[in-house]
Amino acid sequence: MKKAINKTNAARLLTGAGVAYELIPYEVDENNLAADHVAESLGEDINCVFKTLVLHGDRSGYFVCVVPGNREVDLKKAARAAGDRKVELVAMKELLPLTGYIRGGCSPVGMKKPFPTFFHESATGLDFIYVSAGQRGLQLKMSPTDLIDFVGATVCDLCKDETI
């Protein structure tokens, strides 16, 4: 018998808007919250497993970058996208009060308030991507264009050229 998956706030918002998605559980390793572990657990290509990062800019304030799991956000490119001179990743202790999500469970959908969101351009070339469903151990699998449209994101180049 298959265990029922509890819907997260992100999933409820997508359902309410009529946006198609699948909730995909995976085994959490508290010592390894990296996207490559998630991809391996799902049996998926790391290029379609995206991580959600929250940054703070000197002009724009807080914003979100969604990038492939094997890529590193380029702070200069992120700053340019957001209209900032300088940006930095938000400290881990700020993540939960700011977004309502913890590290390893941060979703671009359903944060406490909407932030400007930027997706790495590689997402649009994929049939589907995975992003956190808002808790560790659960991913949303969905069309990148549906997700980008739902969160009102801008698509641009956000990553350093090399993979990690």
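Residues numbered from 1 in each chain as written. Predicted model: local features only at pLDDT ≥ 70, side-chain atom pairs only at ≥ 80, totals over all residues. Heavy atoms only, no water.

Asker: Please explain the packing of aromatic side chains as it appears in this structure.
Answerer: Here the structure, examined in full by the defined rule, presents three aromatic pairs. A ring pair is formed by Tyr 62 and Phe 115, whose centres lie 6.1 Å apart and whose planes are at 65 degrees; its orientation type is edge-to-face. Of this pair, Tyr 62 sits in strand β3 (residues 61–68) while Phe 115 sits in the loop between α4 (92–99) and β6 (117–120), placing them 53 residues apart in sequence. Relative to Tyr 130, the ring of Phe 128 lies with its centre 5.8 Å away and its plane at 85 degrees, an arrangement referred to as edge-to-face. On the accessibility criterion, Phe 128 (27% relative accessible area) is partly exposed. Overall, the relative accessible area of 3% leaves Tyr 130 in the buried class. Cation over ring: Lys 141 sits above Phe 128, and NZ or CZ is 4.3 Å from the ring centre. (Phe/Tyr/Trp six-rings, centres within 6.5 Å; stacked < 30°, edge-to-face > 60°. Helix = DSSP H or I, 4+ residues; strand = E, 2+ residues; numbered from the N terminus. Buried < 20%, exposed > 50% of the residue type's maximum accessible area, 1.4 Å probe, protein only. Lys NZ or Arg CZ within 6 Å of the ring centre and 35° of its normal.)

Asker: Help me out: how do you make sense of the side chain of Thr 52 in this one?
Answerer: Of note, Thr 52 is situated in strand β2 (residues 50–57). Within the structure, the side chain of Thr 52 is placed 3.3 Å from the backbone oxygen of Cys 106, a separation counted as a polar contact. Once residues within four sequence positions are removed from consideration, Thr 52 is found in contact with Val 64, Cys 65, Val 66, Cys 106, Ser 107, Pro 108 and Met 111. (Polar contact = N/O pair within 3.5 Å; in protein donor to acceptor, adjacent residues only side chain to side chain. Contact = heavy atoms within 4.5 Å.)

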